[in-house]
Amino acid sequence: MSYGVPQGSVLGPPQWNIRYDYVLRGDLPGGVSVVCYADNTLVLARGESYQAAAETATRGVATVVDRIQQLGLKVALHNSEAMCFHGPRTVPSPGSQITVGGVHIGVGSTMKNLELVLDSRWTFEEHFRRLAPKLDRSGAALKRLLPNLGGPDAPCRRLYAGIVRSMALYGAPV
């Protein structure tokens with residue numbers, strides 16, 4: 001979910017933390033948990049079947065959106081994504097969606113969260129497919145920073161390698 005601060009108001013980090021704590025600490029429907037980082041909110045729902053999880057997700061997202069709106073913040077539901085983690089025989093039917101506030105959110109096979117592309121089977125194939133061209137472009141851009149007179153020295157090469165390595169390993173603990 002993405003949100004915007006109401007026009008004319010500015011929240012610094014302490015005010016954001018205090019106000020947004022309301023979203024995290026309130027009662028949630030059973031099977032729902034919320035993970036937040038900065039202004040990114042991830043609602044997790046579980047169920048015995050896909051249908052049960054979808055119903056739980058719909059109630060959970062509606063509850064979280066309502067709390068965010070009570071804080072005077074706007075939620076961009078049209079920018080929201082949904083994904084179902086599943087086993088080999090429990091794939092959601094094509095065209096699956098959850099509906100919150102009259103907005104239909106399609107259930108996809110991947111979802112981007114904090115620049116990490118998650119997929120429904122935890123293979124990270126899509127993440128690496130998208131990451132490889134970024135690493136190539138970044139390495140080429142760094143290389144162009146120096147003149148072509150003998151190339152960069154060892155400390156500079158280590159710096160470049162560190163930058164590209166950091167980009168490649170972002171999200172690795174997941």
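Given the structure is predicted, the values throughout are model-derived calculations rather than measurements. (Residues numbered from 1 in each chain as written. Predicted model: local features only at pLDDT ≥ 70, side-chain atom pairs only at ≥ 80, totals over all residues. Heavy atoms only, no water.)

Student: So what exactly am I meant to see when it comes to the packing of helix α1 (residues 13-25) against helix α2 (residues 50-70) here?
Tutor: Packed helices, taken two at a time, are described by the angle their axes make and the gap between the axes. Close contact between α1 and α2 brings their axes to 9 Å; oriented N to C, the two are set at 160°. Relative to α2, the element α1 is oriented roughly antiparallel. Pair α1 / α2 crosses with right-handed handedness. Here α1 contributes Tyr20, Tyr22 and Val23 to the contact with α2, which in turn contributes Val64, Arg67, Ile68 and Gln70. Here the contact of α1 with α2 is built from residues that sort into five nonpolar, one polar and one charged. (Axes fitted to C-alpha atoms, helices over the stretch in contact; angles between N-to-C directions. Helix = DSSP H or I, 4+ residues; strand = E, 2+ residues; numbered from the N terminus. Parallel < 35°, antiparallel > 145°, perpendicular 65-115°, else oblique. Left-handed = near helix turned anticlockwise from the far one by under 90°. Contact = heavy atoms within 4.5 Å. Nonpolar A, V, L, I, M, F, W, Y, C, P; charged D, E, K, R; others polar.)

Student: For this particular structure, what's the right way to read a nonpolar patch on the surface?
Tutor: On the surface, Tyr37, Leu114 and Tyr170 cluster together into a nonpolar patch covering about 330 Å² of accessible area. In this structure, Tyr170 sits in the segment after α4 (154-169). (Patch = residues over 30% accessible without salt bridge, like charges linked within 9 Å, V, L, I, M, F, W, Y side chains within 5 Å. Areas by Shrake-Rupley, 256 points an atom, 1.4 Å probe, with all protein chains shown as cover. Salt bridge = Lys/Arg side-chain N within 4 Å of Asp/Glu carboxyl O.)

Student: So what exactly am I meant to see when it comes to α1 here?
Tutor: Residues spaced three or four apart along an α-helix point in a common direction, a consequence of the helix completing one turn every 3.6 residues. With 13 residues, α1 ought to run about 18 Å at 1.5 Å a step, and its terminal C-alpha atoms sit 18 Å apart, in line with that. Along α1, the sharpest kink reaches roughly 30°, centred on Arg19. Of all the positions in α1, only Trp16, Tyr20 and Val23 are classed as buried. (Expected span 1.5 Å × (residues − 1). Bend = angle between axes of the 7 residues up to and from the residue. Buried < 20%, exposed > 50% of the residue type's maximum accessible area, 1.4 Å probe, protein only.)

Student: So what exactly am I meant to see when it comes to the confidence of the model for the protein here?
Tutor: Fine structural detail should not be taken from predicted coordinates in areas where pLDDT scores are low. On average, residues of the protein carry a pLDDT of 81, and 90% of them reach 70 or more. In this model residues 1-8 is a low-confidence stretch, pLDDT under 50, and it forms 27 contacts with partners more than four residues away in sequence or in other chains. (pLDDT = per-residue confidence, 0-100.)

Student: Sorry if this is basic, but what is going on with the nonpolar core here?
Tutor: Note on soluble globular proteins: their nonpolar side chains tend to be buried together. Ranked by internal contacts, the top residues of the largest apolar core, which has 22 residues, are Tyr20, Ile68 and Ile98. Among the secondary structure elements, those contributing two or more residues to this core are α1, β2 (32-37), α2, β6 (97-100) and β7 (103-108). Top element by residues in this core is α2. It accounts for six residues. Dropping the residues within four chain positions of it, Ile98 is found in contact with Ala54, Ala57, Thr58, Val61, Ala82, Val103, His104, Ile105 and Val107. (Core = buried A, V, L, I, M, F, W, Y, C linked by side-chain atoms within 4.5 Å.)

Student: Got a minute to help me understand the sheet that holds β7 in this structure?
Tutor: Within a sheet, each strand pairs with its neighbour through backbone hydrogen bonds, oriented either parallel or antiparallel. The strand order across the open sheet formed by three strands is β5-β7-β6, and the pairing between neighbours is mixed. One side of each edge strand has no neighbouring strand; the edge strands of this open sheet are β5 (82-83) and β6. The sheet contact formed by β5 and β7 spans two bridges and is parallel. Pairing of Ala82 across the sheet is with Val107, part of β7. In the packing of α2 onto the sheet, the strands contacted are β6 and β7, and the crossing angle to β6 comes to about 30°. (Pairing = 2+ DSSP bridges.)

Student: When you look at the pairing of β7 in this model, what are you seeing that I'm missing?
Tutor: For a regular strand, side chains alternate in direction, first toward one face of the sheet and then toward the other. Two strands pair when backbone bridges link them, and β6 and β7 are joined in this way by four bridges, in the antiparallel orientation. Following the sheet pairing, Thr99 is matched in β7 by His104. Between β6 and β7, which pair antiparallel one after the other, the connecting turn spans two residues, and Gly101 there sits at a positive phi close to 60°.

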